[in-house]
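Analysis of the macromolecular model
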Amino acid sequence: MNMNQSGSGFYGFDESSQDRDAFRDDNGYGGVRDEVRRRLMSELSPGVDSGDTAQVRRALRRIFDETLNEKQLALSSRERRDLFEQVVADVLGLGPIEPLLRDDTVTEVMVNGANQVWIERNGRLEETDIRFRDPQEVMRIIDRIVGPLGRRVDESSPMVDARLPDGSRVNVIIPPLSLDGPCISIRKFASAAYLADDLIRIGSVTEEMMEFFRACVRSRLNIVISGGTSTGKTTLLNILSRYLPGDERIITIEDAAELQLQQRHVIRLETRPPNIEGKGEVPIRQLVINALRMRPDRIVVGEVRGGEALDMLQAMNTGHDGSLTTAHSNSPRDTLHRVETMTLMAGMDLPLRAIREQISSAFDLIIHLQRLADGSRRIVKVSEVQGMEGDVIVMQDIFRFVQTGVENGRVDGYFTAMGIRPKFMDKIEASGISLEPDIFVPTRDGQGRRRRR
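First, a word on what this report is: a plain description of the structure on this page.

Right, let's talk about the pattern of salt bridges for a bit. Tallied over the full model, the rule gives 26 salt bridges. Across the salt bridge formed by D297 and R295, the nearest N and O atoms sit 2.8 Å from each other. For the salt bridge of R421 with E429, the shortest nitrogen-to-oxygen distance reads 2.8 Å. The exposure class of E429 is partly exposed, given its relative accessible area of 42%.

Structural data, given as structure tokens:
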């Protein structure tokens with residue numbers, strides 16, 4: 001991939017590889033960077049507040065200009081400006097990957113050791129030409145991420161989850177667990193939240209389906225959003241949360257705060273990892289239990305993935321309806337199996353049938369997302385949980401995405417209703433919400449309400 005595609009070469013340079021190599025040698029960029037950092041550190045103590053970004057930047061500018069003059073480097077005004085921004089990224093930001101974090105088209109950044117940096121853009125992976133000087137430089141970036149959080153990464157604690165100031169999620173793993181050097185995975189936090197119209201515009205869902213979801217949320221149905229990694233579960237959860245009434249007390253529970261609720265009466269809870277001594281951890285399950293004592297009208301759990309599933313089921317079955325959550329799974333049916341397994345992880349000796357009865361009475365709707373072959377993310381199934389027949393939980397698809405082929409690398413298809421009126425429509429109507437009857441009429445042969453891409 002060329003530089004213009006990735007938006008960044010070595011620290012964002014657009015020059016040729018020879019120019020970049022020249023800048024990387026000790027007499028070029030590397031020498032300037034190391035000298036500026038050394039002089040800045042020696043001068044911070046007497047006169048500069050290291051916590052004042054503007055003041056540090058002014059000190060950097062002065063030292064940078066002095067260093068260039070001393071080294072007598074012949075640079076154009078553009079090269080000088082770019083080099084200064086790279087030094088700033090080194091000292092105040094995350095070094096080589098700082099331009100990627102500022103690029104709104106990049107959704108994920110993956111550092112695989114010092115010599116590989118990948119990004120995700122439009123649902124597809126791309127390798128960039130960015131390189132770190134050595135593994136120690138990657139470790140310095142890692143320390144800059146976890147240091148302000150009171151965390152550490154070393155051989156005794158080689159894995160850590162963290163969050164950048166802008167809300168982006170970070171996972172770090174280092175040797176000896178990572179054989180290819182220190183690795184950083186950053187799931188970027190969207191600066192502008194997606195709206196329902198955005199999903200409709202890009203073909204992830206239809207207007208009729210979003211109208212249906214709004215009715216389900218307003219009428220206090222319990223909804224699970226399922227899908228694989230990076231399919232858009234949290235994005236959809238954010239959008240559905242906008243339909244929650246503004247006069248209700250909402251409690252959100254997350255591993256890393258990503259939800260952007262717009263209501264005024266929102267209490268946000270976040271898990272806490274163990275400290276350096278391995279103590280003080282507060283998991284999601286403990287927060288779910290505590291949330292039930294806080295007089296919630298709605299509980300929104302960013303993701304269930306352990307024993308907290310049991311507490312969620314009990315909450316949904318004891319008057320705390322209208323809850324929203326997400327779960328990793330491969331299909332709506334697999335979501336139920338996953339919740340069964342997670343409930344067993346709570347350590348309670350419950351018969352499998354009893355667990356399934358709790359699930360069938362707690363969950364009303366499962367919305368399943370999938371990332372398709374072209375990188376697009378779609379809602380592929382919307383399924384109602386109807387109850388139990390014997391030992392089996394009965395489900396019925398309400399909407400489905402039908403793929404018809406692939407044209408010019410793009411997945412083609414249409415959304416259709418399945419001709420089923422959900423059993424919970426009585427509850428929706430009892431809430432004073434009415435939907436057009438034809439919303440559940442199937443699309444015939446891809447015609448009618450078909451949406452193509």
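Having seen it, we continue.
This paragraph deals with unusual backbone geometry. Most peptide bonds take the trans configuration, and most residues that are not glycine carry a negative phi. With an omega of 10°, the peptide bond between P175 and P176 qualifies as cis. Its identity is not glycine, yet N408 carries a phi of approximately 55°, on the positive side. Of the residues examined, N408 reaches a relative accessible area of 75% and is grouped as exposed.

So, on to the sheet that holds strand β1 (residues 106-112). Here we have six strands laid out as an open sheet, ordered β3-β2-β1-β6-β5-β4, and antiparallel in their pairing. In this open sheet, the two strands that pair with only one neighbour each are β3 (124-127) and β4 (159-163). Mean inter-strand twist for the sheet, computed between neighbouring axes without regard to direction, equals 20°. In this sheet, β3 lies alongside strand β2 (residues 117-121) in antiparallel orientation, the contact comprising four bridges. Across the sheet, E120 pairs through a bridge with L125, a residue of β3. Together, β1, β4, β5 (169-173) and β6 (183-187) form the strand contacts of helix α7 (residues 135-146), whose direction differs from that of β6 by roughly 45°.

This brings us to a negative patch on the surface. On the surface, D197, E207, E211, E436 and D438 cluster together into a negatively charged patch. Checked against the element boundaries, D438 lands in the segment after α15 (425-430).

What counts, and at which threshold
- Residues numbered from 1 in each chain as written.
- Predicted model: local features only at pLDDT ≥ 70, side-chain atom pairs only at ≥ 80, totals over all residues.
- Heavy atoms only, no water.
- Salt bridge = Lys/Arg side-chain N within 4 Å of Asp/Glu carboxyl O.
- Buried < 20%, exposed > 50% of the residue type's maximum accessible area, 1.4 Å probe, protein only.
- Pairing = 2+ DSSP bridges.
- Helix = DSSP H or I, 4+ residues; strand = E, 2+ residues; numbered from the N terminus.
- Axes fitted to C-alpha atoms, helices over the stretch in contact; angles between N-to-C directions.
- Contact = heavy atoms within 4.5 Å.
- Patch = residues over 30% accessible without salt bridge, like charges linked within 9 Å, V, L, I, M, F, W, Y side chains within 5 Å.
- Areas by Shrake-Rupley, 256 points an atom, 1.4 Å probe, with all protein chains shown as cover.
- Lys, Arg positive; Asp, Glu negative; His and termini not counted.
- Charge placed at Lys NZ, Arg CZ, Asp CG, Glu CD.

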